[in-house]
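# Survey of secondary and tertiary structure
Read off the chains here:
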Amino acid sequence: MLAKRIIPCLDVKDGRVVKGVNFVNLRDAGDPVELASLYDREGADELVFLDISASVEGRATMIEVVRRTAGEITIPFTVGGGISQTDDMKRILRAGADKIGINTAAVLNPQLISDGARRFGSQCIVVAVDARFNPEWGEWEVYTHGGRKPTGQRALEWVRRAEQLGAGELLLTSMDADGTKDGFDLALTRAVSQSVGIPVIASGGAGRKEHFGEVFREAGADAGLAATIFHYKEMTIAEVKDELRREGVAVR
Amino acid sequence: MSAIAVIDYGLGNLHSVSKAVERLGCEALVTSDLAEILSADGAILPGVGAFGDAMAFLRETGMDEATRAFAASGKPLLGICLGMQLLFDEGEEHGPHQGLGLLPGRVVRFRGEYKIPHMGWNRLQFRQESPLLEGLEEGHVYFVHSYHALPAEPLDLIAVTDYHQPVTAIVGRGNVTGMQFHPEKSGELGMSLLRNFLRLAGAPAASDNR
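Residues numbered from 1 in each chain as written. Chains lettered and ligands numbered in written order. Predicted model: local features only at pLDDT ≥ 70, side-chain atom pairs only at ≥ 80, totals over all residues. Heavy atoms only, no water.

Taken together, the contact between chain A and chain B spans 32 residues of the former and 24 residues of the latter. With both sides pooled, the region where chain A packs onto chain B buries about 2,200 Å², and carbon together with sulfur makes up 52% of that total. Its largest share of buried area at the contact with chain B, chain A owes to L2, T74 and R252 of chain A, together 28% of the area lost on that side. At the boundary of chain A and chain B, one finds 2 salt bridges. Counting across the interface, chain A meets chain B through 12 residue pairs in polar contact (both at pLDDT 80 or more). Looking at the side of chain A that touches chain B, the elements with two or more residues in it are α1 (32-42), α2 (56-72) and α3 (86-94) of chain A. With 4 residues, the top contributor of residues to the side of chain A that touches chain B is α2 of chain A. Its residues assigned to classes, the side of chain A that touches chain B comprises 13 nonpolar, 7 polar and 12 charged. (Contact = heavy atoms within 4.5 Å. Buried area = accessible area lost by both parts, 1.4 Å probe. Salt bridge = Lys/Arg side-chain N within 4 Å of Asp/Glu carboxyl O. Polar contact = N/O pair within 3.5 Å; in protein donor to acceptor, adjacent residues only side chain to side chain. Helix = DSSP H or I, 4+ residues; strand = E, 2+ residues; numbered from the N terminus. Nonpolar A, V, L, I, M, F, W, Y, C, P; charged D, E, K, R; others polar.)

Moving on, we get to unusual backbone geometry. Omega for the peptide link from I116 of chain B to P117 of chain B comes to 5 degrees, which places this bond in the cis form. Examined against the element boundaries, P117 of chain B turns out to sit in the loop between β7 (103-109) and β8 (118-123). Notably, D14 of chain A is not glycine yet its phi reads approximately 50 degrees, a positive angle. Assessed through its relative accessible area of 39%, D14 of chain A is described here as partly exposed. Not every positive phi belongs to a glycine, and H145 of chain A is a case in point at roughly 55 degrees. Relative to the helices and strands, H145 of chain A resides in the loop between β7 (139-144) and β8 (149-154). A relative accessible area of 29% means that H145 of chain A is categorised as partly exposed. (Buried < 20%, exposed > 50% of the residue type's maximum accessible area, 1.4 Å probe, protein only.)

When two helices pack together, their arrangement is captured by the angle between the axes and the distance separating the axes. Viewed as axis vectors pointing N to C, α2 of chain A and helix α1 (residues 15-23) of chain B meet at an angle of 50 degrees, and their least axial separation amounts to 8 Å. Classified by the interaxial angle, the pair formed by α2 of chain A and α1 of chain B is oblique. The crossing of α2 of chain A and α1 of chain B is right-handed. The segment α2 of chain A lies against α1 of chain B, with R67, A70, G71 and E72 of chain A engaging H15, S16, K19 and R23 of chain B. Of the residues assigned to the contact of α2 of chain A with α1 of chain B, the class counts are 1 nonpolar, 3 polar and 4 charged. (Axes fitted to C-alpha atoms, helices over the stretch in contact; angles between N-to-C directions. Parallel < 35°, antiparallel > 145°, perpendicular 65-115°, else oblique. Left-handed = near helix turned anticlockwise from the far one by under 90°.)

Next up on the list: the packing of aromatic side chains. All names here are of chain A. This structure, assessed with the given rule, holds 10 aromatic pairs over all chains. Between the aromatic rings of F49 and F77, the centroid separation amounts to 5.8 Å while the plane-to-plane angle is 85 degrees, which identifies the pairing as edge-to-face. Taken together, the residues span a long stretch of sequence, with F49 in strand β3 (residues 47-51) and F77 in strand β4 (residues 77-80) at a distance of 28 residues. In this structure, F49 and F77 share a single accessibility class: buried. Among the aromatic side chains, those forming a connected cluster through ring pairs are Y39, F184, F212 and F230. Sitting above the plane of the Y143 ring, R132 keeps its charged end 5.3 Å from the centroid. Seen from the ring of W137, R154 lies directly overhead, with NZ or CZ sitting 4.5 Å from the centre. (Phe/Tyr/Trp six-rings, centres within 6.5 Å; stacked < 30°, edge-to-face > 60°. Lys NZ or Arg CZ within 6 Å of the ring centre and 35° of its normal.)

Another point: the pattern of salt bridges. Residues and elements named next belong to chain A. Going through the model one piece at a time under the given rule, you end up with 25 salt bridges over all chains. K99 is paired through a salt bridge with E46; the nearest N and O atoms lie 2.9 Å apart. Placement of the pair is K99 in strand β5 (residues 99-102) and E46 in the loop between α1 and β3, with a sequence separation of 53 residues. D242 is the salt-bridge partner of R245, the closest N and O atoms lying 3.0 Å from each other. Linking R245 with D242, this pair stays in helix α10 (residues 237-246), spanning 3 residues, or about one helical turn. We classify R245 as partly exposed; its relative accessible area is 42%. You can call D242 partly exposed: its relative accessible area is 47%. One network of salt bridges, with partners in common, ties together R5, E46, K99 and E169.

Residue and element names in this part refer to chain A. The interhelical angle for the contact between helix α6 (residues 155-165) and helix α7 (residues 186-195), taken along N-to-C directions, is 35 degrees, at an axis separation of 9 Å. Crossing of α6 over α7 shows right-handed handedness. Taking contact as the criterion, the partners of L156, V159, R160 and E163 in α6 are, on α7, A191, V192 and S195. Partitioning the contact of α6 with α7 into residue classes produces 4 nonpolar, 1 polar and 2 charged.

Turning to the sheet that holds strand β5 (residues 88-91) of chain B, a few remarks are in order. All names here are of chain B. The strand order across the open sheet built from 4 strands is β6-β5-β7-β11, with neighbouring strands paired in mixed fashion. Taken across any chain shown, the strands that pair with only one partner, and hence form the sheet edges, are β6 (97-98) and β11 (147-151). Both β5 and β7 contribute to a ladder of 3 bridges, which runs parallel. From the neighbouring strand, F88 faces β7, where its bridge partner is L103. (Pairing = 2+ DSSP bridges.)

This is the structure we're talking about:
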């Protein structure tokens with residue numbers, strides 16, 4: 001049986017970690033490679049880098065970060081942010097990343113999913129979906145451009161389509177839960193998990209270690225992703241895993 | 001310092017595995033040069049992609065013979081992921097294809113009402129004693145695969161994992177060994193398994209040098 005995965009997410013801009021991280025045991029708290037290596041040692045099962053660089057130079061720097069990370073860590077990692085062509089994917093995978101996350105570009109051009117899956121294999125293609133509940137519809141709507149732009153597209157339809165096109169995994173962020181620390185969005189995660197046969201990474205809302213067990217047991221998520229709570233040391237990955245073990249959830 | 005040939009046959013990313021070898025105190029030679037492969041102390045056959053494409057490329061470049069010659073030399077050979085599958089007689093990915101024939105058995109697709117590929121962290125269960133397992137305890141390693149090997153000789157099966165059936169995870173017959181999962185992506189246990197392999201190639205019992 002596969003273990004449930006705990007995945008820290010690092011926002012990287014121009015080769016530096018964004019968000020005030022303050023780790024005493026790091027020589028350079030802004031270095032994504034050092035932080036990645038620390039999470040690896042602490043028991044993270046996977047990592048996600050989100051490149052939020054706006055410039056061409058910033059993106060070029062990310063390739064170097066990927067190369068250095070691949071030489072340092074012993075767990076798989078995904079790189080997302082601003083990837084819109086299969087040649088971008090190739091550069092990042094060749095630099096040593098295991099998976100590519102695509103979000104806005106996949107909504108604008110769904111063929112990117114099938115092209116990427118055909119060229120590199122479905123297991124490399126993670127489709128990231130930002131969703132918010134639309135009360136008029138009584139279901140969730142997909143947002144793009146970092147959650148700024150509603151698309152008019154129903155999330156449950158989009159995730160099914162993404163799977164058909166060859167997505168290997170979904171990174172599902174609830175915009176309603178994100179930042180609340182009240183727990184993952186169980187209703188959204190459950191609805192998506194039941195709509196697809198590929199693994200679902202739940203994101204947004206983790207505030208306590210019990211929240212991970214909830215989203216695994218009650219919503220069928222395969223992995224839980226968080227950023228702030230790990231970066232600010234509100235809890236460690238080891239503490240989350242100890243809690244999950246106590247609850248009888250299989251973890252590494 | 002032991003030199004380990006990481007056989008480059010044009011598929012997949014060899015950066016992570018060669019870096020892991022270097023971190024464990026060996027020299028990693030990413031190479032498709034036959035002489036260089038044959039003179040190495042150990043060889044790793046990595047692999048991402050399809051069985052048929054990989055075998056076609058190995059044959060075109062003569063690296064199928066080089067790998068067999070390396071195996072015949074008695075020096076340790078490790079196949080990783082698709083590289084492990086290629087060690088067997090035959091694979092069925094996109095039609096039947098002949099493998100390297102270093103281990104008896106076949107490679108078949110997962111079939112059933114469950115998620116394919118088998119992707120993620122799964123627990124190793126040790127089945128045989130092996131120098132690869134020396135000093136280690138069962139734990140989780142990272143798998144990504146849609147096909148799995150069925151060794152014809154039960155004694156070649158060193159470890160399995162459970163994914164709706166027992167799935168071949170580590171195989172070995174003398175100096176020919178294979179791991180279905182990615183040891184270079186499998187945390188501390190993965191690095192320890194790789195270290196045990198490198199020890200067979202004469203690497204000192206040094207710790208992780210990172």
